[in-house]
Amino acid sequence: MACDTDQHHRRSLRLPGYDYTREGAYFVTICTHHRACLFGEIVDDEMRLNGAGLMVQEEWLRSAEVRTEIELSPDEFVVMPNDIHGIVWITEVGAHGRAPLQKTLHRQPCSLASFIAGFKSTTTKRINEHRATPGVSVWQRNYYEHIIRDDHALNQIREYIVNNPMQWAMDRENPDAAIWTVGAHGRAPVPKGEPWRA
């Protein structure tokens, strides 16, 4: 069966015309494939990482050593059962990480997309080696990002990251969330406070 490009076209979540190699802070959320809870569980409002979750945490923080153009802080990052949230600081134009040089890149070197692609690739490889599941998807194809434009937004996002495990019971990514609404698109969890969307 031929692919219907109109039906299967994925629209970009990126801001049209924005240069994602620019210095600045970016809030990022990456969800697991089919939102499967792969990284541990929330117990008494605290995230308890399993082996895969520890690998994700380790690779996120190690990424700043590999990519000199970014800065990452453990206080600005959280691994949840089926997603991660973090702030990525792009500080300078540097190398393209460990990605091989190609004549035509589909993403700009030293960009947010380049970092995310490298992170997803490395963590997927490690997790699949750990669970002996070569080739199995770990992450959703895309990711959510928000350009942090001022100190007020930065502080709200930092608070959101720190408090995220305590909000799991009402998190839209929690498959067992207690509160649901029915809207035009079917069942959906009630959104919790996400101040950067304002």
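Residues numbered from 1 in each chain as written. Predicted model: local features only at pLDDT ≥ 70, side-chain atom pairs only at ≥ 80, totals over all residues. Heavy atoms only, no water.

Bringing the environment of N128 into the picture now. Secondary-structure assignment places N128 in helix α3 (residues 112–130). In sequence terms N128 and V138 are ten residues apart; their C-alpha atoms lie 8.2 Å from each other. If we skip the residues at most four places from it in the chain, N128 touches T133, P134, G135, V136 and V138. Of the polar contacts made by the side chain of N128, one reaches the side chain of T133; its length is 2.8 Å. There is a polar contact of 2.7 Å between the side chain of N128 and the backbone oxygen of V136. (Helix = DSSP H or I, 4+ residues; strand = E, 2+ residues; numbered from the N terminus. Contact = heavy atoms within 4.5 Å. Polar contact = N/O pair within 3.5 Å; in protein donor to acceptor, adjacent residues only side chain to side chain.)

We now examine the packing of helix α2 (residues 51–66) against α3. At a minimum axis distance of 10 Å, the contact between α2 and α3 shows a crossing angle of 145 degrees. Here α2 runs over α3; the crossing is right-handed. On the side of α2, the interface is formed by A52, M55, V56, E58, E59, W60 and S63, while α3 contributes F115, F119, T122, T123, R126, I127 and H130. Each residue belonging to the contact of α2 with α3 can be placed in one class, and the counts come to seven nonpolar, four polar and three charged. (Axes fitted to C-alpha atoms, helices over the stretch in contact; angles between N-to-C directions. Left-handed = near helix turned anticlockwise from the far one by under 90°. Nonpolar A, V, L, I, M, F, W, Y, C, P; charged D, E, K, R; others polar.)

With that out of the way, let us pick up the pattern of salt bridges. Tallied over the entire structure, the rule returns six salt bridges. Residues E76 and R158 are paired through a salt bridge, measuring 2.7 Å at the closest nitrogen-oxygen approach. Taken as a pair, E76 in the loop between β4 (70–71) and β5 (77–79) and R158 in helix α4 (residues 151–163) lie far apart in primary sequence, 82 residues in all. Residue E76 is classed as buried on the basis of its relative accessible area, which comes to 7%. For R158, a relative accessible area of 30% gives the class partly exposed. (Salt bridge = Lys/Arg side-chain N within 4 Å of Asp/Glu carboxyl O. Buried < 20%, exposed > 50% of the residue type's maximum accessible area, 1.4 Å probe, protein only.)

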